[in-house]
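# Structure at a glance
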Protein chains: 2
Amino acid sequence: MQTIKMKNKVYLLDGYSMVGPLEGAGPLKDYFDYTLKDDTLKEKTFEKSERKLLLDIIKGAIEKSGLSFKDIDFFFGGDLLNQIVSSSYTARELSIPFIGLYSACATMAESLALASIFVDNGLADNVVAGTCTHFSSAERQYRFPLELGNQRPPTAQWTITGGGASVISNKKSKIRVSAVTFGKVVDYGISDVNNMGAAMAPSACDTILNHLNSMGKKVNDYDFIATGDLGKLGSEILIDLMEYNGVILGRNYADCGCMMFNKNQHVFMGGSGAGCSASVLNSYILHKLKNGEFRRVLLVSTGALMSTTTSQQGDTIPGIAHAVELEYVEEDKNKIDSKNSIKKNLVTNSKRKKRREND
Amino acid sequence: MQTIKMKNKVYLLDGYSMVGPLEGAGPLKDYFDYTLKDDTLKEKTFEKSERKLLLDIIKGAIEKSGLSFKDIDFFFGGDLLNQIVSSSYTARELSIPFIGLYSACATMAESLALASIFVDNGLADNVVAGTCTHFSSAERQYRFPLELGNQRPPTAQWTITGGGASVISNKKSKIRVSAVTFGKVVDYGISDVNNMGAAMAPSACDTILNHLNSMGKKVNDYDFIATGDLGKLGSEILIDLMEYNGVILGRNYADCGCMMFNKNQHVFMGGSGAGCSASVLNSYILHKLKNGEFRRVLLVSTGALMSTTTSQQGDTIPGIAHAVELEYVEEDKNKIDSKNSIKKNLVTNSKRKKRREND
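The present account deals with the structure reproduced in this document. Positions within a chain are numbered from 1, following the residues in the order the chain's sequence is written. Whichever chain is written first is A, and whichever ligand is written first is 1; the rest continue in order. Local features are withheld for residues below a pLDDT of 70 in this predicted model, meaning they are given only at 70 or higher, and side-chain atom pairs are given and counted only at 80 or more; totals for whole chains, interfaces and linings count all residues. Think of the side-chain values as coming from all heavy atoms in the structure, minus any hydrogens and water.

## Some words on the packing of aromatic side chains
- Working definition: rings of Phe, Tyr and Trp (its six-membered ring) pair if their centres are within 6.5 Å, and the pair is stacked with planes under 30 degrees apart, edge-to-face with planes over 60 apart, and tilted otherwise. Scanning all chains against the criterion turns up 22 aromatic pairs over all chains.
- Taking the centre distance of 5.7 Å and the plane angle of 85° together, the rings of Phe 182 of chain A and Phe 74 of chain B count as edge-to-face. One end of the pair, Phe 182 of chain A, is in the loop between β8 (175-181) and α5 (196-215); the other, Phe 74 of chain B, is in strand β3 (residues 74-77), on a second chain.
- Cation placement over rings: the criterion is NZ of Lys or CZ of Arg within 6 Å of the ring centroid and within 35° of the ring normal. Positioned above the aromatic ring of Tyr 89 of chain A, the side-chain terminus of Arg 51 of chain A is 4.1 Å from the ring centre.
- Sitting above the plane of the Tyr 222 of chain A ring, Arg 296 of chain A keeps its charged end 6.0 Å from the centroid. Strands here mean DSSP runs of E at least two residues long; helices mean DSSP runs of H or I at least four residues long; both are numbered from the N terminus.

## Digging into the relation of the copies chain B and chain A
- Superposition of the copies was done by least squares, using only C-alpha atoms of residues whose pLDDT is at least 70 in both. Between chain B and chain A, the superposition needs a rotation of 180° and an axial shift of 0.0 Å, giving an RMSD of 0.0 Å. Accordingly, the operation relating the two chain copies is best matched by a two-fold axis. For chain B, the minimum C-alpha distance to the rotation axis belongs to Leu 101 of chain B and amounts to 2.1 Å.
- Most of the interface of chain B is mirrored in chain A: 100% of its interface residues are interface residues there too. Any two residues whose heavy atoms approach within 4.5 Å at even a single point are treated as in contact.

## Quick look at the pairing of strand β5 (residues 126-133) of chain A
Residues and elements named next belong to chain A.
- Each residue is assigned to one of three classes by its accessible area relative to the maximum for its type, calculated with a 1.4 Å probe on protein chains only: buried under 20%, partly exposed between the two thresholds, exposed over 50%. Of all the eight residues making up β5, eight are buried; the element is thus mostly covered by neighbouring parts of the structure.
- Taking every second residue as pointing to the same face, both faces of β5 are buried, with Asn 126, Val 128, Gly 130 and Cys 132 on one and Val 127, Ala 129, Thr 131 and Thr 133 on the other.
- Pairing between strand β3 (residues 74-77) and β5: four bridges, direction parallel. In the sheet register, Phe 75 faces β5, and the bridge partner there is Val 128. The criterion for strand pairing is that DSSP finds at least two bridges linking the strands in question.

## Looking at helix α6 (residues 231-244) of chain A
Residues and elements named next belong to chain A.
- Here a helix's expected span is defined as the number of its residues, less one, multiplied by 1.5 Å. Over its 14 residues, α6 extends 20 Å from the first C-alpha to the last, a length consistent with the 20 Å expected when each residue adds 1.5 Å.
- Inspection of α6 places Gly 231, Gly 234, Ser 235, Glu 236, Leu 238, Ile 239, Leu 241 and Met 242 among the buried residues, and these make up the whole buried set.
- Trailing α6 by a residue or two, Gly 246 shows a phi angle of about 80°, which is positive.

## Some points on the nonpolar core
- Among buried residues, the Ala, Val, Leu, Ile, Met, Phe, Trp, Tyr and Cys ones that are joined through side-chain atoms within 4.5 Å form a nonpolar core. Judged by nonpolar contacts, the single largest core of 132 residues is most densely connected at Leu 238 of chain A together with Leu 238 of chain B.
- Discounting residues that sit within four places of it in the chain, Leu 238 of chain B has contacts with Ala 201, Ala 204, Cys 205, Ile 208, Thr 227, Leu 230, Leu 249 and Tyr 253 of chain B.
- Core analysis: the next-biggest nonpolar cluster, separate from the first, contains 108 residues, Val 19, Val 127, Leu 289 and Leu 299 of chain B among them.

Right under this line is the structure:
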């Protein structure tokens with residue numbers, strides 16, 4: 001029952017992504033809808049910048065879908081700030097019924113999954129699901145004030161500035177949501193807050209295995225499997241855990257956190273944050289699904305569920321992963337050989353593989 | 001579309017409530033399933049106590065429903081601590097797929113609403129929805145450390161120690177979930193964090209009006225309408241706002257926060273916290289619904305969506321309210337005149353009314 005298959009046609013009508021200057025200079029720069037020149041968005045505090053960013057993203061997704069605000073029945077969202085204030089204050093501006101969620105960096109898949117269920121069961125015609133993060137507000141809430149100039153350990157990840165939103169609808173588009181899996185909370189005892197990839201990898205493994213099993217599918221049935229923000233170390237742990245369970249994640253697997261930055265951007269293990277899988281889904285993945293290069297994608301957003309208080313009190317870091325399966329809706333005229341197309345695209349993934357081979 | 005009517009029979013199989021010593025000495029003391037003698041639950045920190053409390057509540061609800069853990073398909077929950085850690089760590093112990101939510105003190109209705117939708121649409125057989133709060137962990141996160149001995153202003157409310165959980169199921173019980181309404185975020189510009197009732201009242205008004213309108217019902221069609229934690233001032237503001245909109249909330253209206261404590265307990269405006277409506281629903285309201293004294297109840301949990309950061313940055317407090325309609329499932333043999341029964345029960349409400357008349 002953990003996996004829910006859509007009974008009807010539920011579509012991802014369109015999506016919108018927006019990122020900060022650093023993210024916009026990375027390997028995915030050509031895919032984002034908008035790259036900020038100024039990551040303060042002319043607001044006085046980083047928290048207000050994050051809120052403005054999310055509002056702009058939600059507006060962008062609705063407009064890009066050709067809908068207006070009054071067409072949207074519900075807004076599903078959450079974020080990393082305490083009391084998910086970015087989403088709540090965004091919902092205040094939107095004046096759309098709001099279903100607030102929290103599953104840390106797994107929020108994009110959680111909100112997409114619930115949104116799809118609402119549309120699939122006729123409870124809504126169009127809903128918007130989205131999230132974002134801001135490097136500077138996350139740093140000062142979870143780690144240290146930027147002014148302190150703290151050094152980062154080699155296993156650290158970089159909370160991205162950016163995010164994405166998708167409009168889920170019963171109106172036909174080229175992308176269909178076919179199934180969703182809600183994850184269990186898994187904790188292997190990692191307590192290092194600078195090694196979140198390791199803390200989240202076991203939950204990603206659990207959710208992917210559950211999803212494949214429920215759907216009766218194999219890894220090779222997917223053109224692309226993307227985890228949210230395991231980073232380099234975390235995704236290597238995931239590959240090992242999957243292998244231990246008899247499933248080989250091959251060249252069709254990549255982590256959004258790894259895809260976000262290149263080696264020269266000095267972000268160590270890669271990007272992280274709820275905005276990471278949100279922005280990669282609504283840019284790169286969406287693009288490839290729209291043109292049929294990807295026929296079937298599994299997005300597995302991953303979240304680390306600790307707080308600064310639990311860490312200070314010596315608790316370990318529980319992880320969760322939610323998954324959403326997206327499919328290209330076949331149009332008979334334009335059959336594209338997806339097998340050929342994925343080869344040239346998974347640059348990040350092959351780089352990772354090369355690094356592993358060199359070790 | 002804001003209100004969703006259940007298509008099939010969705011039942012509240014059973015619920016469980018647990019409160020701290022102060023709450024257990026209040027007017028509802030005979031209704032709670034368990035009253036703690038020691039609100040630390042023998043844990044070393046208040047955050048760990050809160051987590052233990054929630055786990056005990058969830059276990060209690062599942063056991064009281066006559067089910068076992070493996071029968072439960074999903075756990076819907078959230079709480080007031082940063083990153084909803086009480087719920088996340090509880091979900092880790094349960095090992096049930098977890099759908100994490102945040103809408104501050106409106107969490108009970110939000111989780112009940114989503115849980116009912118899952119069961120109604122055949123996505124699950126049995127799910128558990130619950131939340132709790134702890135006075136001491138809330139005080140130090142949102143206000144001041146207890147050791148500081150701060151005075152409380154007269155408009156302050158008291159975050160209760162306690163909570164409740166309900167098992168929602170397709171198995172028949174005496175209580176049916178008939179409809180749910182997801183609220184919009186409403187902000188009338190209140191910025192005083194010691195006057196949250198005033199901040200939340202407009203959203204409660206908006207949700208109740210929407211629900212009544214969608215259902216084609218009047219206030220008198222309900223034996224009981226309960227808001228979550230508006231407190232004395234907030235519920236008086238709600239009554240005024242409703243009157244302004246042409247709807248008179250009468251003796252069948254009460255606020256869970258007002259019901260929780262008596263005048264001699266010195267908690268000023270009354271109880272608050274996500275656990276407030278959760279514990280009152282799963283004790284007093286459940287009891288009256290089970291024996292048919294209440295035939296139709298509207299639970300409207302209310303949440304204030306600010307964080308300490310937004311307050312410090314001068315933002316106002318947005319409010320949200322979600323509603324769940326519960327009905328007694330008629331058994332022909334035991335027809336009870338509900339009109340007679342409600343008169344003797346709404347002690348708190350009539351007291352409030354008397355106070356208003358004396359003003």
